[in-house]
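# Coordinate inspection notes
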Amino acid sequence: ERLPALKVRGVYGDQAGRTWELIPATQEQPTLLVFLHQRTRPVFGMARTLMTYVAQRKDDKLTGGVVWLTDDATETENWLRQVERNFPKTQRMPVAFSPDGIEGPGSYGLNRNVAMTILVADKNRVTANFALVQPSLQADFPKIIKAVVAVAGGEMPKLSDLEANARQRRMARRSAEADAPPGSPEGDAQPRRPAEADAPRRSAEGDASRRRSAERD
């Protein structure tokens, strides 16, 4: 199966506000494409971990992108700007959204009923396809990376090492923002967590509170 050309709309940095070709029709490099259909904590966790893996690779052999699918481009663009600090910064794995609506580009035949779709390709041909309904780092991440290593080389990373690296990056970013003088971009910026990612935690806290109230009564 050939990997079709893919146009996306950029959100961050020099790509912000412009439509560009993330995947050219002549793509030859090993490619990791992540299509996000939903905004949930597992989806964010998988996307961030895959981006961290690409950022940590010592070569530039692997390229790709994280592409959100949406039926409201303006709302999604504004929302992505708000949650920018939740994503690792890597030019080889940019974050963008599809201008083709919630179904995504027709040539890709994506299933909108799953949480995310991950494609691995090499020499312009898809070598692995993961349509995840309930993404799990423990169950799905090793399978995805195994498919990536098969085409791009390298060693299988430890999930615990990637998670530790991501935590260190977040702590360093927060420290830099706390130390920055008022009025500077870093000093004025406050890290924002996506509301959707916090929903499971808020629900669990609410359940615990209701149980405590029932016990007192």
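Everything below is about the structure printed above this text.
Scope of this entry: the structure provided in the associated data block. All values derive from a computational prediction rather than experimental measurement. (Residues numbered from 1 in each chain as written. Predicted model: local features only at pLDDT ≥ 70, side-chain atom pairs only at ≥ 80, totals over all residues. Heavy atoms only, no water.)

We now examine the pattern of salt bridges. With the rule as written, the count across this model stands at six salt bridges. A salt bridge links Arg-39 to Glu-75; the shortest N-O distance between them is 2.8 Å. Residue Arg-39 is found in the loop between β3 (31-36) and α1 (41-56), and its partner Glu-75 is found in helix α2 (residues 73-82); the two are separated by 36 residues along the sequence. Overall, the relative accessible area of 34% leaves Glu-75 in the partly exposed class. The closest approach of N and O atoms between Asp-59 and Arg-57, which form a salt bridge, is 3.1 Å. Overall, Asp-59 belongs to the partly exposed group, its relative accessible area being 33%. A relative accessible area of 9% places Arg-57 in the buried class. Several salt bridges share partner residues, and in doing so they unite Arg-9, Glu-77 and Arg-81 into one network. (Salt bridge = Lys/Arg side-chain N within 4 Å of Asp/Glu carboxyl O. Helix = DSSP H or I, 4+ residues; strand = E, 2+ residues; numbered from the N terminus. Buried < 20%, exposed > 50% of the residue type's maximum accessible area, 1.4 Å probe, protein only.)

To continue, consider α2. Listed in full, the buried residues belonging to α2 are Thr-76, Glu-77, Trp-79 and Leu-80. Mapping the buried residues of α2 onto a view down its axis gives an arc of 165 degrees, with all of them on the same face. (Arc of directions from axis to C-beta.)

Topologically, Thr-63 is positioned in strand β4 (residues 63-68). In this structure Thr-63 comes out as buried when scored by relative accessible area, which is 18%. Residues within four places of Thr-63 in sequence aside, it is in contact with Gln-27, Gln-29, Pro-30, Thr-31, Leu-32 and Arg-92. (Contact = heavy atoms within 4.5 Å.)

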